[in-house]
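Here's the letter readout for the chains.
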Amino acid sequence: VRIVLPVRSAQLQITALLITLATSTALAAAPSDKGTAALEILLACKAGSDFTQAQAEKALQAAGLTHLRGGMFEVQGDKVALFGGTVDSASVDIAPGGSKSLHVYLKDVAATQVGRQLSVTTVNEDAETEAPSYIRKVDAKHTLHVGAADDYEGYSASVTCQIAG
């Protein structure tokens, strides 16, 4: 038995197949934005906000990062989308005196773009970066940093919520 399809029907089937393949490939390559809400809240560094080591670690793990050593976290598996880029790594530092910082290092996004999203637009004159880095003093204890990175560092921007002890 031989079935002959009209040329137009075969073209439509091939087109539909190509669109399906292209869509599934794009979705597979797209970064995941799973569970980043808690991380975004911590990184917003709102006045009066606070976090414990456990809360920061839980937010990083919910976003898809894996705890490696010390306070370092890295993406294992799917890419994690955040602030228009993808997360490269992150760290949590809590000093005995109570000072705290949560750092996230991003790829594929400029510090200027991240700064605009977080309303951090004051250039940090103390930053030693080729491109501008930004800083916003939220209140007496909270400072939000958006750093530019140089090419050799392996990431393009960083976001840090720093809470004085």
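Cut-off values and rules
Residues numbered from 1 in each chain as written. Predicted model: local features only at pLDDT ≥ 70, side-chain atom pairs only at ≥ 80, totals over all residues. Heavy atoms only, no water. Disulfide = S-S within 2.5 Å. Helix = DSSP H or I, 4+ residues; strand = E, 2+ residues; numbered from the N terminus. Phe/Tyr/Trp six-rings, centres within 6.5 Å; stacked < 30°, edge-to-face > 60°. Buried < 20%, exposed > 50% of the residue type's maximum accessible area, 1.4 Å probe, protein only. Pairing = 2+ DSSP bridges. Salt bridge = Lys/Arg side-chain N within 4 Å of Asp/Glu carboxyl O. Contact = heavy atoms within 4.5 Å.

Peer 1: Whenever I open this one, the state of the cysteines confuses me. Can you help?
Peer 2: Here a disulfide denotes one covalent bond, and it connects the sulfur atoms of two cysteines. Under the criterion given, the structure shown has one disulfide. Put simply, Cys 45 and Cys 161 are joined by a disulfide, and their sulfur atoms are 2.2 Å apart. Its S-S torsion of approximately 70° makes the covalent link between Cys 45 and Cys 161 right-handed. Linking Cys 45 in the loop between helix H2 (37-44) and helix H3 (53-62) with Cys 161 in strand E9 (residues 157-163), this pair joins segments that are 116 residues apart in sequence.

Peer 1: Whenever I open this one, the packing of aromatic side chains confuses me. Can you help?
Peer 2: Aromatic ring pairs are defined here through the distance separating the ring centres and the angle between the ring planes. According to the stated counting rule, one finds one aromatic pair in the structure shown. On the numbers, 4.9 Å between centres and 65° between planes, the contact of Tyr 105 with Tyr 155 is edge-to-face. Of this pair, Tyr 105 sits in strand E5 (residues 100-107) while Tyr 155 sits in the loop between strand E8 (142-148) and E9; the two residues are 50 residues apart in sequence, bridging distant segments of the chain. Across the pair, exposure class does not vary: Tyr 105 and Tyr 155 are buried alike.

Peer 1: Please clarify how unusual backbone geometry should be interpreted in this entry.
Peer 2: It is generally the case that most residues other than glycine have a negative phi and that most peptide bonds are trans. For Cys 45, which is not glycine, the phi torsion reads 55° and is therefore positive. Non-glycine residue Phe 83 carries a positive phi angle of around 55°. Within the fold, Phe 83 resides in the loop between strand E3 (81-82) and strand E4 (85-94).

Peer 1: Would you mind going over the pairing of E9 with me for this structure?
Peer 2: Remark: a regular strand shows side chains that alternate across the two faces of the sheet. The buried fraction of E9 is high, at six of seven residues. Here E5 pairs with E9 via seven bridges, running antiparallel. By the bridge assignment, Val 104 is partnered in E9 with Val 159. With seven bridges connecting them, E8 and E9 associate as antiparallel partners. Its bridge partner being in E9, Gly 147 is matched across the sheet by Ser 158.

Peer 1: What is the right way to look at the pattern of salt bridges in this model?
Peer 2: Pairs can form between side chains of opposite charge once their charged atoms are near each other. All told, the structure shown has two salt bridges when counted by the stated rule. Two residues, Asp 50 and Lys 100, come together in a salt bridge whose shortest N-O distance is 2.7 Å. One end of the pair, Asp 50, is in the loop between H2 and H3; the other, Lys 100, is in strand E5, and 50 residues separate them in sequence. A relative accessible area of 14% means that Lys 100 is categorised as buried.

Peer 1: When you look at the environment of Ala 127 in this model, what are you seeing that I'm missing?
Peer 2: Tracing the backbone shows Ala 127 in the loop between strand E6 (122-123) and strand E7 (134-137). For Ala 127, a relative accessible area of 25% puts it in the partly exposed group. The spacing of Ala 127 and Ala 148 is 21 residues in sequence and 8.8 Å in space, taken between C-alpha atoms.

Peer 1: Explanation requested: the pairing of E7 in the structure shown.
Peer 2: Two strands pair when backbone bridges link them, and E6 and E7 are joined in this way by two bridges, in the antiparallel orientation. Of the residues in E7, the one forming a bridge with Thr 122 is Ile 135. The pairing of E7 with E8 spans four bridges and is classified as antiparallel. Across the sheet, residue Lys 137 finds its bridge partner in E8, namely Thr 143. Hairpin connection, E7 to E8: the antiparallel pair is bridged by four residues.

Peer 1: Looking at this structure, I do not really get the side chain of His 142. What am I missing?
Peer 2: Here His 142 lies in strand E8. Assessed through its relative accessible area of 3%, His 142 is described here as buried. Excluding residues within four positions of it along the chain, His 142 makes contact with Cys 45, Lys 46, Ala 47, Gly 48, Ser 49, Arg 136, Lys 137, Gln 162 and Ile 163.

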